[in-house]
Amino acid sequence: MYTKTAVVSARSLLGAAALACTLIAGSVAAADHKGVVAIHVSTQGLDLSQPADAQTFYTRLKRAAWVTCTDGNRVDLLPSDNLQGCYEKALGGAIRSASVPMLTQIYLANHTLQQAAALGILSPAQMVAK
């Protein structure tokens, strides 16, 4: 009975994480207009509590953030004026919305706590405290 409850809870958590972390958005310009490009990133087939799967998803998020801030997979879009800033904001936003400790640990291996805090990303210890 308890095992089934744990499995259902784990699936619910993963489902919520999948919904929360499927979107990366960045600002780009099309001619004289500013806009937002959003790219959906799938967690299908991944268990984000497993290091290898979390790393795979992190790589997908990084790629989507880069595409979002460059051409958005559209020929008529121009890259952001601040490509690195756009990329960091898009990646950080995806990590923050996912709120998955393993994913946050991977992010923190490549960024400082100050960078994470500036984007509203909670450390794994802060996540547990909530």
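Along each chain, residue indices are assigned from 1 in the same order as the chain's sequence is written. Whole-chain, interface and lining totals are the exception, using all residues; otherwise, since this is a predicted model, local features are given only for residues with pLDDT of at least 70 and side-chain atom pairs are given and counted only at 80 or more. Values reported for side chains reflect all heavy atoms of the structure, with hydrogen atoms and water molecules removed beforehand.

**Q** Can you help me understand helix 3 (residues 83–98) in this one?
**A** Residues separated by three or four positions in an α-helix point in the same direction, a consequence of the helix having 3.6 residues per turn. For helices the rule is a DSSP run of H or I covering at least 4 residues; for strands it is a run of E covering at least 2, with both sets numbered from the N terminus onward. The length a helix should cover is 1.5 Å for every residue beyond the first. When the terminal C-alpha atoms of helix 3 are compared, their 23 Å separation across 16 residues agrees well with the 22 Å that a helix rising 1.5 Å per residue should span. Think of it in three bands: residues with accessible area under 20% of the maximum for their type are buried, residues over 50% are exposed, and the middle band is partly exposed, with areas taken using a 1.4 Å probe on protein chains only. Cys86, Tyr87, Ala90, Leu91, Gly92, Gly93, Ala94, Ile95 and Ala98 are the residues of helix 3 that are buried. Of the residues flanking the end of helix 3, it is Ser99, one or two places downstream, whose phi is positive at about 50 degrees.

**Q** I keep staring at the confidence of the model for the protein and nothing clicks. Help me out?
**A** Note: predicted coordinates in regions of low pLDDT should not be interpreted at a detailed level. Each residue carries a pLDDT score, the predictor's confidence in it, ranging from 0 to 100. On average, the protein scores 76 in pLDDT, and the residues at 70 or more come to 65%. Ranking the helices and strands of the protein by mean pLDDT puts helix 4 (residues 101–110) first, with 94, and helix 1 (residues 2–20) last, with 41. Throughout, a contact is declared for two residues whenever any of their heavy atoms are within 4.5 Å. Residue range residues 1–22 is modelled with pLDDT below 50. Its contacts to residues more than four positions away, or to other chains, number 19 contacts.

**Q** Looking at this structure, I do not really get the nonpolar core. What am I missing?
**A** For soluble globular proteins, nonpolar side chains are generally found buried alongside one another. Ranked by internal contacts, the top residues of the largest apolar core, which has 26 residues, are Phe57, Tyr58, Leu61, Leu91, Ile95, Leu103 and Tyr107. When residues of this core are traced back to their parent elements, those giving at least two are strand 2 (33–40), helix 2 (51–69), helix 3 and helix 4. Among buried residues, the Ala, Val, Leu, Ile, Met, Phe, Trp, Tyr and Cys ones that are joined through side-chain atoms within 4.5 Å form a nonpolar core.

**Q** How should the packing of helix 3 against helix 4 be read in this particular structure?
**A** A fitted line through C-alpha atoms represents every axis, and for helices the fit uses only the stretch in contact; the resulting angles, taken between N-to-C directions, go from 0 to 180 degrees. Packing of helix 3 against helix 4 brings their axes to within 8 Å, and their N-to-C directions diverge by 150 degrees. By the angle between their directions, the pair helix 3 and helix 4 is classed as roughly antiparallel. Crossing of helix 3 over helix 4 shows left-handed handedness. Here Glu88, Leu91, Gly92, Ile95 and Ala98 of helix 3 lie close against helix 4, whose contacting residues are Leu103, Thr104 and Tyr107. In terms of residue class, the contact of helix 3 with helix 4 is made up of 5 nonpolar, 2 polar and 1 charged. Any angle that falls under 35 degrees is termed roughly parallel, while one over 145 is termed roughly antiparallel, one within 65 to 115 roughly perpendicular, and all others oblique. Here a crossing is called left-handed whenever its near helix is offset anticlockwise from the far helix by less than a right angle, and right-handed whenever the offset is clockwise. Residue type decides the class: Asp, Glu, Lys and Arg count as charged, Ala, Val, Leu, Ile, Met, Phe, Trp, Tyr, Cys and Pro as nonpolar, and the leftover types, Gly among them, as polar.

**Q** What is the right way to read the side chain of Ser123 from this model?
**A** Here Ser123 shows up in the loop between helix 5 (113–118) and helix 6 (124–129). If we ignore the near neighbours within four places in the chain, the residues touching Ser123 are Thr104 and Leu108.

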